[in-house]
Amino acid sequence: MQAWMILALWVVYLALTDNLQLSNLVVGLAIAIGLTWLLHPDPRRIDVRRLPAALAATLRYALVVVIDVLRGGLQVAQITLNPRLPIRPGIIAIPTGTDSELATALSADAITLSPGEMVVEISRDGVMYTHALECSEAEAYVAEAQQQREDMLSKILP
């Protein structure tokens, strides 16, 4: 295992929780070990040359998700405050464009975090069926947003 990664994640966890009780130390260590195992089960997969691009893509991905959540929240608020409640709900098929299950899961999570959208099913061929409150606007945005997520995730994940 990557001892330096476990230690770094453990320290970050302890700094965020600000709790040095024995039970929290054990939970933090278990989380750090689990995350390290999930993200890098094979230490040979880590390529130090890709690390700067992966970190930049991770920060950009997080920023895009935050912006999508804020934008979705504003759109849902606007819809619900309108007395006519102008929605056209429906299911949209979004191809993931990747073979990575982790990339598909992260992409589905980013979509579901955004208010007004929720992935209801992911087919075996990698299509995410997403419920949207407003399908007329969502269809135009979906292809571009998914391509953007796919590009960033391909830089983040090995």
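Everything discussed here concerns the structure shown above.
Only a predicted model underlies this, so the values are computations on that prediction, with no experimental measurement involved. (Residues numbered from 1 in each chain as written. Predicted model: local features only at pLDDT ≥ 70, side-chain atom pairs only at ≥ 80, totals over all residues. Heavy atoms only, no water.)

**Description of the overall build of the chain**
Right, so step 1: Each helix and strand counted, the chain has 5 helices and 3 strands in total.
Right, so step 2: Secondary structure elements in the chain, listed N-terminal to C-terminal, are α-α-α-β-α-β-β-α.
Right, so step 3: Per-residue burial over the chain gives 28% buried out of 158 residues.
Right, so step 4: Here the chain has roughly 10,500 Å² of accessible surface; of this, 65% comes from carbon and sulfur atoms.
Right, so step 5: The centroid of the 11 positive side-chain charges in the chain is displaced by 5 Å from the centroid of its 16 negative side-chain charges. (Helix = DSSP H or I, 4+ residues; strand = E, 2+ residues; numbered from the N terminus. Buried < 20%, exposed > 50% of the residue type's maximum accessible area, 1.4 Å probe, protein only. Areas by Shrake-Rupley, 256 points an atom, 1.4 Å probe, with all protein chains shown as cover. Lys, Arg positive; Asp, Glu negative; His and termini not counted. Charge placed at Lys NZ, Arg CZ, Asp CG, Glu CD.)

**Considering the environment of isoleucine 67**
Right, so step 1: Within the fold, isoleucine 67 resides in helix H3 (residues 51–81).
Right, so step 2: Relative accessible area serves as the criterion here: at 37%, isoleucine 67 is assigned to the partly exposed category.
Right, so step 3: Taking the C-alpha atoms as reference points, isoleucine 67 and serine 114, separated by 47 residues in sequence, lie 9.1 Å from one another.

**Considerations on the sheet that holds strand E3 (residues 127–132)**
Right, so step 1: Strands sit in the order E1-E3-E2 across an open sheet of 3 strands; the sheet is antiparallel. Each edge of the open sheet carries a strand with a single partner, namely strand E1 (90–95) and strand E2 (117–122). On average, each strand axis in the sheet is inclined to that of its neighbour by 30°, with strand direction left out of account.
Right, so step 2: Note: E1 against E3, 6 bridges, orientation antiparallel. Across the sheet, glycine 90 pairs through a bridge with alanine 132, a residue of E3.
Right, so step 3: Strands in contact with helix H4 (residues 101–113) are E1, E2 and E3; relative to E2, the strand with the most contacts, it is inclined by about 145°. (Pairing = 2+ DSSP bridges. Axes fitted to C-alpha atoms, helices over the stretch in contact; angles between N-to-C directions. Contact = heavy atoms within 4.5 Å.)

**Points about a nonpolar patch on the surface**
Right, so step 1: Among the surface-exposed residues, Val27, Ile31, Leu35, Trp37, Leu38, Leu39, Leu102 and Leu106 lie close enough to one another that they form a single nonpolar patch of about 690 Å² accessible area.
Right, so step 2: When residues of the nonpolar patch are traced back to their parent elements, those giving at least two are helix H2 (22–39) and H4.
Right, so step 3: When residues of the nonpolar patch are assigned to their parent elements, the largest contribution, 6 residues, is made by H2. (Patch = residues over 30% accessible without salt bridge, like charges linked within 9 Å, V, L, I, M, F, W, Y side chains within 5 Å. Salt bridge = Lys/Arg side-chain N within 4 Å of Asp/Glu carboxyl O.)

**Concerning H2**
Right, so step 1: Its 18 residues give H2 an end-to-end C-alpha distance of 26 Å, which sits within 8% of 26 Å, the value for a rise of 1.5 Å per residue.
Right, so step 2: Looking at the buried residues of H2, the elements they touch are helix H1 (3–17). (Expected span 1.5 Å × (residues − 1).)

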